[in-house]
Amino acid sequence: DTDIFHQGDIGSTFFVIAEGELHVIVDRRLVRTLSKGATFGERALLLDEARSATVRVSSTTAQLWCMDRVSFEEVITPPMRQELVKRVQLQDTSISLRSLRHVRLIGA
C-alpha cells in the first residue's frame, strides 16, 4: 500500500481520483473509502492546517490528478470556497447513530 500523505503533514496539494480506490485513515482507524471522481486534500489548503488524515492507496493501482496550492487558489471562486468549507465542517461532526433518538413513527 502506498501512502499519498500522512496525518499531520503540511498540505500543499489537492487531489482528484481518476482511477482506483483509497482509504482515509484517522488516528489509525479507517473512516472512509474514496474512489473514482472523489476529491481530497482541500481541507489543508482551505483552512491552512496540517493534514487531518492519512490517505493510502488500497487498490492494486490508482491514478490521481493533483493541483498545487497556487493553482488551487487561482481556480477556486469565493462561492466554491464557501461550499468546500461547508463540506469540511460537515466532516467535523462527531454525530454517530448512537447520537440519534427516536421521536415518532410515521406512516405505520
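Refer to the structure above for everything that follows.
Residues numbered from 1 in each chain as written. Predicted model: local features only at pLDDT ≥ 70, side-chain atom pairs only at ≥ 80, totals over all residues. Heavy atoms only, no water.

Engineer: Mind laying out the nonpolar core, listing which residues take part and the relevant values?
Structural biologist: Judged by nonpolar contacts, F5, F15, I17, L22, V24, L34, A38, F40, A53, V55 and V57 together constitute the single largest core of eleven residues. Every element with two or more residues in this core is listed here: strand 2 (13–19), strand 3 (21–26) and strand 6 (54–57). Those residues in contact with V24, other than ones at most four positions away along the chain, are R29, L30, V31, R32, L34, A53, T54 and V55. Within the second largest apolar cluster, eight residues are counted, among which are L45, L46, F72 and I76. (Core = buried A, V, L, I, M, F, W, Y, C linked by side-chain atoms within 4.5 Å. Buried < 20%, exposed > 50% of the residue type's maximum accessible area, 1.4 Å probe, protein only. Helix = DSSP H or I, 4+ residues; strand = E, 2+ residues; numbered from the N terminus. Contact = heavy atoms within 4.5 Å.)

Engineer: Explain the pattern of salt bridges residue by residue, including any values.
Structural biologist: With the rule as written, the count across this model stands at six salt bridges. Here E19 ties to K36 by a salt bridge, and the two come within 3.4 Å at their closest N and O atoms. Taken together, the residues E19 in strand 2 and K36 in the loop between strand 4 (29–35) and strand 5 (39–40) connect sequence positions 17 residues apart. Salt-bridge contacts for E73 lead to R81; the nearest nitrogen and oxygen are separated by 2.6 Å. Since its relative accessible area comes to 25%, R81 is described here as partly exposed. (Salt bridge = Lys/Arg side-chain N within 4 Å of Asp/Glu carboxyl O.)

Engineer: Give me the sheet that holds strand 5: which residues, what numbers.
Structural biologist: Strand order in this open sheet of three strands is 5-2-7, and the pairing throughout is antiparallel. Here the strands that pair on one side only, and so sit at the sheet edges, are strand 5 and strand 7 (63–68). Sheet topology note: the strand 2/strand 5 ladder contains two bridges and is antiparallel. Residue pairing for strand 5: F15 is matched across the bridge by F40. (Pairing = 2+ DSSP bridges.)

Engineer: Could you give an account of the packing of aromatic side chains, with specific residues and numbers?
Structural biologist: The geometry of an aromatic ring pair comes down to the distance between the two centres and the angle between the two planes. Inspection of every chain in the model, using the stated rule, returns four aromatic pairs. Seen from their ring centres, F5 and F15 are 5.9 Å apart, and the 40 degrees between their planes marks the pair as tilted. With F5 in strand 1 (residues 3–5) and F15 in strand 2, the pair connects residues that are ten residues apart, well separated along the chain. Three or more aromatic residues link up through ring pairs in this structure, and these residues are F5, F15 and F40. (Phe/Tyr/Trp six-rings, centres within 6.5 Å; stacked < 30°, edge-to-face > 60°.)

Engineer: Outline unusual backbone geometry, listing residues and values.
Structural biologist: We note that D27 has phi near 50 degrees; this positive angle belongs to a residue other than glycine. Structurally, D27 is set in the loop between strand 3 and strand 4. The phi dihedral of D48 is positive, around 50 degrees, even though this residue is not glycine. Among the structural elements, D48 can be located in the loop between helix 1 (42–47) and strand 6.

Read these as geometric descriptors, not functional statements.
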